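These are the residues of each chain, in order.
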Amino acid sequence: MSELVSVTRDGDVGVVTINNPPVNALSQAVLRGVRAALDDLTKDPAVRAVVLTGGGRLFCGGADITEFGEMAAGRKTINEFPLLLDALDASPKPVVCAIHGTAFGGGLETAMACHHRVAAPGSLVGQPEVKLGLIPGAGGTQRLPRLAGLAKAAEMCAGGEPVGAADALAAGILDKVIDGDLVAGAVAFAREVAAKGGPPRRTRDLADKLGNSTMNAMVLAGARDLVRKKARGMLAPMKAVDAVEAAATLPFDDGIRREAELFRECLLSPQSRALIHVFFAEREVSKVPGVGKDTPRIPIKRAAVVGAGTMGGGIAMTYANAGIPVLLKEADQPALDRGLATIRKNYAATVQKGRLTQQQADERLARIEPTLTYDRFREADIVVEAVFEGMALKKQVFAELDQVTRPDAVLASNTSTLDVDEIASATTRPDRVIGHHFFSPANVMKLLEVVRGKKTGADVIATSMDLAKRLGKVGVLVGNCRAFVGNRMFDPYVREANFLVEEGAAIEAVDAALTGFGMAMGPLAVVDLAGLDVGWRIRNEHRHLEPPGRKAYRAEDRLCEMGHFGQKTGAGWYRYEAGSRTPLPNPEAARLAEEAAREGGITRRAVTADEIVERTVYALVNEGARILEEGIALRAGDIDIVYVYGYGFPAFRGGPMWYAGTVGLKAVYDRVCAFEREHGPLWAPAPLLKRLAETGKTFADYDKEREAKP
Ligand code: NAI
């Protein structure tokens with residue numbers, strides 16, 4: 001017996017335990033071990049029933065994800081899973097799966113191939129494969145409909161969200177929820193089942209929940225509509241519904257074969273590779289050279305936020321939501337009242353949506369302590385500054401913080417563009433200063449750019465990366481440069497959207513091309529949401545630094561000069577009716593674009609959706625390549641995570657840098673060179689893009705090569 005799987009006896013019941021920390025992943029060795037254990041126990045006349053469970057904090061988190069990559073690359077054929085599932089089906093003695101923590105993916109599939117399932121309260125079960133661009137490939141789409149019906153199975157397999165034990169019990173996925181000692185309860189349950197005698201109840205033989213064709217047609221049409229709406233452009237959720245349909249239309253073994261075909265289509269799709277890349281890239285971001293397990297962390301028990309505006313309020317909520325008490329300081333009472341009113345309104349909305357109970361919301365609100373003074377700032381282990389974006393003000397605030405906080409406290413700035421080193425220079429402890437660049441709305445958006453200054457201490461970086469996780473964020477370490485990673489790349493992206501409109505593309509067409517590509521929103525709608533004035537102010541501030549004769553777009557400036565700042569003023573690139581966020585066509589903006597073209601001597605022409613995507617997305621890629629080469633981002637994968645979590649870039653395309661690799665860097669580079677010839681030096685190709693294109697490599701290769709170097 002392997003160490004990964006252990007067997008014990010409780011009288012006439014054999015207990016098989018998977019011990020493959022941290023998540024009891026079903027590697028080939030684990031599957032083989034469980035099958036061998038089952039084989040021994042079914043042969044043993046002293047054993048009447050079997051319990052299958054997991055050691056540690058959960059039953060099973062699913063397959064070993066690295067094996068999917070191996071399978072897709074054709075380096076591995078994996079056949080242990082069907083062998084185990086067949087062995088479970090064939091077992092003459094009842095097998096009861098005892099679930100605690102989670103049974104996800106292959107974990108739930110294994111559980112469903114057992115004859116019965118019991119679970120501890122608070123357990124979660126789910127088929128999250130679609131999140132990796134896959135469908136359940138070990139019978140999940142065939143057994144789940146037999147236990148829970150088509151509607152529930154389609155919802156779980158296509159949506160990927162887990163369900164709790166009570167819900168799973170009601171749905172028929174579980175036979176019993178067991179309070180107290182789970183394994184003892186499972187053993188007692190197994191004994192009862194064995195005492196009843198007769199052949200074990202095989203999930204594959206159940207049919208009463210498979211419905212009739214009229215009902216199923218409605219259920220499946222509804223499921224497909226939902227996928228079209230919620231998983232726009234994604235392959236796997238639709239295939240998951242197809243597979244669930246097969247459960248109702250084909251005999252079990254044919255259904256399994258159909259599932260295998262659909263699984264393979266997904267596995268070999270670029271979408272699955274992209275999503276698996278994102279999965280691993282998200283885990284990589286926390287690896288920082290020079291920062292390790294031994295790097296000391298500063299315990300964060302209390303926080304303080306300066307500025308209760310759009311960002312400060314959201315940041316205070318983020319801390320409160322994570323259970324960390326936070327002081328919230330404003331400049332004057334009216335501003336503080338406004339800030340708190342917004343926070344209250346946000347919590348009330350969450351309660352109304354049913355995502356929080358009133359009591360939970362009250363507890364969170366109580367963790368936010370409003371103040372107009374620095375009086376209790378000595379209690380704070382970290383301060384996040386979120387005052388107006390201006391260097392003089394930021395330096396003044398940091399000089400004050402230097403006086404009023406403990407010398408070991410972390411001083412973080414939420415600046416989106418300013419030089420973190422210059423801000424740090426206002427203190428006597430630049431090693432404690434760091435950028436924590438949250439995204440709006442800060443209590444919702446998952447990205448946190450952690451900006452490392454020249455002197456930022458390793459302990460402050462380590463603390464920030466850990467803290468990001470505690471706050472429910474994905475922290476990405478970036479270097480100190482203007483606008484850091486995300487916004488620095490966003491600038492040329494929006495620039496190209498502007499030029500495209502001036503060259504003749506309709507405003508709506510630019511956004512539609514990019515939402516068609518999979519972006520959560522089009523660039524011009526995003527600018528309307530964030531406020532046109534933000535970019536305008538920055539452009540005006542930096543205009544004197546631009547090389548003379550540099551090509552500039554004009555229509556957006558005109559809109560700003562007219563006071564059209566987007567949603568907040570009721571008009572920008574689009575028009576908005578009072579109180580509505582729905583963008584309506586704005587003929588004024590279209591007219592300004594035509595006028596700008598005339599003034600700029602641009603001949604208006606038809607622009608295709610493909611060109612819109614290439615111009616904007618390759619602008620991201622080209623700037624991303626510079627950022628990577630300058631070392632502002634540690635890895636191309638980090639840039640992908642910034643874009644997927646901060647800018648609504650479709651995860652199924654893997655982020656901009658991964659996407660460029662799927663197009664082929666040579667093709668991207670050739671287009672960038674063509675754009676340079678057509679549109680001038682703004683399109684000068686990044687040297688790294690050129691080099692990789694010429695050597696036939698991708699950014700992922702570049703990451704790997706650098707990781708291999710000591
Ligand atoms: P905001 O104008 O909504 O809020 C700033 C708040 O700071 C105001 O309520 C103001 O009264 C307060 N304040 C000014 N001086 C203060 C002082 N000495 N002490 C206490 N409070 C003071 O601005 P917003 O949008 O929240 O931006 C804050 C910072 O966050 C800026 O650095 C901005 O660049 C950055 N940021 C903004 C994002 C956004 O989408 N709005 C996104 C990411 C970062």
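The structure presented is a predicted model; accordingly, all values stated were derived computationally and were not measured. (Residues numbered from 1 in each chain as written. Predicted model: local features only at pLDDT ≥ 70, side-chain atom pairs only at ≥ 80, totals over all residues. Heavy atoms only, no water.)

**Some details on the domain arrangement of the protein chain**
We note that the domain assignment places domain 1 (5–197 + 206–268), domain 2 (303–478) and domain 3 (486–708) within the protein chain. Spacing between the C-alpha centres of domain 1 and domain 2 amounts to 43 Å. (Domains from an automatic or database assignment.)

**Some thoughts on the pairing of strand β3 (residues 49–54)**
Taking burial as the measure, the six residues of β3 include six buried ones, the bulk of the element. The alternating pattern of β3 places Ala49, Val51 and Thr53 on one face and Val50, Leu52 and Gly54 on the opposite face, and all of these are buried. In the sheet, strand β2 (residues 13–18) pairs with β3 via six bridges, with the strands oriented parallel. The partner of Ile18 across the bridge, within β3, is Gly54. One crossover worth recording links β2 to the parallel β3 by way of helix α1 (residues 28–43), and it is right-handed. As defined by bridge partners, β3 adjoins strand β4 (residues 95–99) across three bridges and the pair is classed as parallel. If you follow Val51 over to β4, its bridge partner there is Val96. (Buried < 20%, exposed > 50% of the residue type's maximum accessible area, 1.4 Å probe, protein only. Helix = DSSP H or I, 4+ residues; strand = E, 2+ residues; numbered from the N terminus. Pairing = 2+ DSSP bridges. Right-handed = clockwise from strand over helix to strand, strands pointing away.)

**Quick word on the packing of aromatic side chains**
Between two aromatic rings, the relevant description is the distance of the centres plus the angle of the planes. Under the criterion given, the structure shown has twelve aromatic pairs. Here Phe490 and Tyr647 contribute two aromatic rings whose centre-to-centre distance is 5.4 Å and whose plane-to-plane angle is 35°, an arrangement assigned as tilted. Here Tyr647 lies in the loop between α26 (636–646) and α27 (656–663) and Phe490 lies in helix α19 (residues 486–503), a separation of 157 residues in the sequence. Judged by centre distance (5.8 Å) and plane angle (85°), the rings of Phe499 and Tyr553 are edge-to-face. Of the two residues, Phe499 sits in helix α19 while Tyr553 sits in the loop between α22 (532–542) and α23 (555–561), which places them 54 residues apart along the sequence. Exposure class is identical for Phe499 and Tyr553. Each is buried. (Phe/Tyr/Trp six-rings, centres within 6.5 Å; stacked < 30°, edge-to-face > 60°.)

**Overview of the nonpolar core**
If you look at the biggest cluster of nonpolar residues, it comprises 99 residues, and the most contacted ones within it are Val485, Trp573, Leu689 and Phe699. Both of domain 2 (303–478) and domain 3 (486–708) provide at least three residues apiece to this core. Contacts of Phe699, omitting those with residues within four sequence positions, involve Val621, Ala625, Leu628, Ala636, Met657, Ala660, Leu665, Leu688, Leu689 and Leu692. Residues Leu41, Ala113, Ala153 and Ala171 belong to the second largest nonpolar core, which totals 70 residues. (Core = buried A, V, L, I, M, F, W, Y, C linked by side-chain atoms within 4.5 Å. Contact = heavy atoms within 4.5 Å.)

**Here's the deal with the packing of helix α5 (residues 140–148) against helix α11 (residues 252–267)**
As a packed pair, α5 and α11 sit with axes 8 Å apart at the nearest point and diverge in direction by 135°. Here α5 lies oblique to α11, going by the angle between them. The segment α5 lies against α11, with Gly140, Thr141, Gln142, Arg143 and Arg146 engaging Phe252, Gly255, Ile256 and Glu259. Taken together, the residues of the contact of α5 with α11 sort by class into two nonpolar, four polar and three charged. (Axes fitted to C-alpha atoms, helices over the stretch in contact; angles between N-to-C directions. Parallel < 35°, antiparallel > 145°, perpendicular 65-115°, else oblique. Nonpolar A, V, L, I, M, F, W, Y, C, P; charged D, E, K, R; others polar.)

**Some thoughts on the pattern of salt bridges**
If you walk through the whole model with that rule in mind, you get 61 salt bridges. Its salt-bridge partner being Arg575, residue Glu577 comes within 3.8 Å of it at the nearest N-O pair. For Glu577, a relative accessible area of 47% translates into the label partly exposed. Classification of Arg575 by relative accessible area gives partly exposed; the value is 35%. Ionic contacts of the salt-bridge type, sharing partners, join the residues Arg495, Glu496, Glu503, Arg605, Glu611 and Arg615 into one network. (Salt bridge = Lys/Arg side-chain N within 4 Å of Asp/Glu carboxyl O.)

**Description of the environment of Val410**
Within the secondary structure, Val410 sits in strand β14 (residues 410–413). Taking the relative accessible area as the measure of exposure, Val410 reaches 1% and is therefore buried. Linking Val410 and Ala36, residues 374 residues apart in sequence, is a C-alpha distance of 54 Å. Leaving out residues up to four positions away in the same chain, Val410 has contacts with Ile298, Asp381, Ile382, Val383, Arg432, Ile434 and Val460.

**A short note on the site of the ligand**
Around the ligand lies a shell of 22 residues, among which Met311, Glu330, Glu389, Lys394 and Ser416 are the nearest. When isolated, the ligand has an accessible area of 830 Å², and the protein chains bury 78% of it. Listing elements by their share of the shell around the ligand, those giving two or more residues are α13 (310–321), α16 (391–404) and β15 (433–438). Broken down by element, the residue count for the shell around the ligand peaks at three residues, all from α16. Residue classes in the shell around the ligand are distributed as ten nonpolar, eight polar and four charged. (Near = heavy atom within 4 Å. Areas by Shrake-Rupley, 256 points an atom, 1.4 Å probe, with all protein chains shown as cover.)

**Section: the pairing of β14**
Of the two faces of β14, the one holding Val410 and Ala412 and the one holding Leu411 and Ser413 are both buried throughout. The sheet contact formed by strand β13 (residues 382–385) and β14 spans four bridges and is parallel. The residue of β14 that forms the bridge with Val384 is Ala412. Assessed by its sense of winding, the connection that carries the chain from β13 through α16 to β14 is right-handed. Examined bridge by bridge, β14 and β15 share three bridges and lie parallel to one another. In the sheet register, Ser413 faces β15, and the bridge partner there is Gly435.

**A short note on helix α21 (residues 523–530)**
All buried positions along α21 are accounted for by Pro523, Leu524, Ala525, Val527 and Asp528. Where α21 terminates, the next one or two residues include Gly531, which has phi positive at roughly 105°.

**What about the side chain of Thr42?**
Position of Thr42 relative to the elements: it lies in helix α1. Residues contacting Thr42, with those up to four places away along its chain left out, are Ser91, Pro92 and Lys93.

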